[in-house]
Amino acid sequence: PALQSIRLKIGDISKEGIEVLSSAIRLAPALQSLSLTFGGISDEVVQVLSEVIRHAAALQSISLSIKDISNVGIKVLGEVIQLAPASQSISLDLARGVGDKSVQILSDVLRHAPVLQSI
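Each value, and the rule that gives it
Here the residue numbers are simple positions, counted from 1 along each chain's written sequence. Thresholds applied to this predicted model are a pLDDT of at least 70 for local features of residues and 80 or more for the giving and counting of side-chain atom pairs; totals over whole chains, interfaces and linings are not thresholded and use all residues. Note: side-chain values were computed over all heavy atoms of the structure, leaving out hydrogens and water. Only DSSP runs of H or I reaching four residues or more are called helices, and only runs of E reaching two or more are called strands; each is numbered from the N terminus. Think of it in three bands: with a 1.4 Å probe and only protein chains considered, a residue is buried below 20% of the maximum accessible area for its type, exposed above 50%, and partly exposed in between. The contact criterion used is simple: two residues touch if any of their non-hydrogen atoms lie within 4.5 Å. For accessible areas, the Shrake-Rupley method is used with a probe of radius 1.4 Å. Any residue's cover is judged against the shown protein chains and nothing else. By salt bridge we mean one thing: a side-chain nitrogen of Lys or Arg within 4 Å of a carboxyl oxygen of Asp or Glu. At least two bridges found by DSSP between two strands is the condition for calling them paired. Whether a crossover is right-handed comes down to one check: with the strands pointing away from the viewer, does the path from the first strand over the helix to the second run clockwise; if it does, it is right-handed. pLDDT expresses, on a scale from 0 to 100, how confident the predictor is about each individual residue. A helix is expected to span 1.5 Å for every residue after the first. In protein, a polar contact requires one atom able to donate a hydrogen and another able to accept it; more generally it is a pair of N or O atoms within 3.5 Å, and residues adjacent in sequence count only if both atoms are side-chain atoms.

Draft legend 1. A look at the overall build of the protein chain. Helix and strand counts for the protein chain stand at 4 helices and 5 strands. Of the regular secondary structure in the protein chain, the N- to C-terminal order runs β-α-β-α-β-α-β-α-β. By residue count, 39% of the 119 residues in the protein chain fall in the buried class. Partitioning the intrachain contacts of the protein chain with sequence separation of at least 6 by distance along the chain shows that 82% fall at a separation of at least 24. In the structure as shown, the protein chain presents an accessible area of about 6500 Å², 52% of it carried by carbon and sulfur atoms.

Shown next as structure tokens:
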């Protein structure tokens, strides 16, 4: 049987750690559900993660919970969400670290993101 779902809770993750996880995701072509919870996430990590999400064609459900993310990271995630196919359901939970600039970025995402199910 092929791997169809990944659910991970990770404190802080390095670029090397997300690259290893990304390789595993790429090797799971039947992956339909991805649920990731991060304590802190750097801009580099967000960039690698966004590339994985963009190229995981079978993904139907993506849930990201991030406690600490920069405005740049939010912008990168927003671009991924805006480009996601209508067949994907995306849920984004940003626990803290969201200031006025982040709210503006998220507002722009909401205007142009038909697949964003919850925020």
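Draft legend 2. Up close: the pattern of salt bridges. One pass over the structure, following the stated rule, counts 2 salt bridges. Residue Glu19 is joined to Lys15 by a salt bridge in which the shortest nitrogen-to-oxygen separation is 4.0 Å. Of this pair, Glu19 and Lys15 both sit in helix α1 (residues 15-26), 4 residues apart, which is roughly one turn of the helix. Between Arg54 and Glu51 there is a salt bridge, and its shortest N-O distance comes to 2.6 Å. Separated by 3 residues within a single helix, Arg54 and Glu51 lie in helix α2 (residues 43-55), roughly one turn from each other. With relative accessibility at 34%, the residue Arg54 sits in the partly exposed group. Under the relative-accessibility criterion, Glu51 is labelled partly exposed at 28%.

Draft legend 3. Just the pairing of strand β3 (residues 61-68), in detail. The pairing of strand β2 (residues 33-40) with β3 spans 7 bridges and is classified as parallel. If you follow Ser35 over to β3, its bridge partner there is Ser63. With α2 bridging β2 and its parallel neighbour β3, the resulting β-α-β unit is right-handed. As judged from the 6 bridges shared by β3 and strand β4 (residues 89-94), these two strands associate in the parallel manner.

Draft legend 4. Representation of the environment of Leu59 within the structure. Counting through the fold element by element, Leu59 comes out in the loop between α2 and β3. Under the relative-accessibility criterion, Leu59 is labelled buried at 1%.

Draft legend 5. Highlighting the confidence of the model for the protein chain. Across the protein chain, the average pLDDT comes to 83, with 90% of residues at 70 or higher. Strand β1 (residues 5-12) holds the highest mean pLDDT among the elements of the protein chain, 91, whereas strand β5 (residues 116-118) holds the lowest, 56.

Draft legend 6. Spatial organisation of helix α3 (residues 71-83). With 13 residues, α3 should reach 18 Å at 1.5 Å per residue; the first-to-last C-alpha distance of 19 Å fits that figure. Within α3, the full set of buried residues consists of Gly73, Ile74, Val76, Leu77, Gly78, Val80 and Ile81. The N-cap residue of α3 is Ser70: its side-chain oxygen and the backbone nitrogen of Val72 are 3.3 Å apart.

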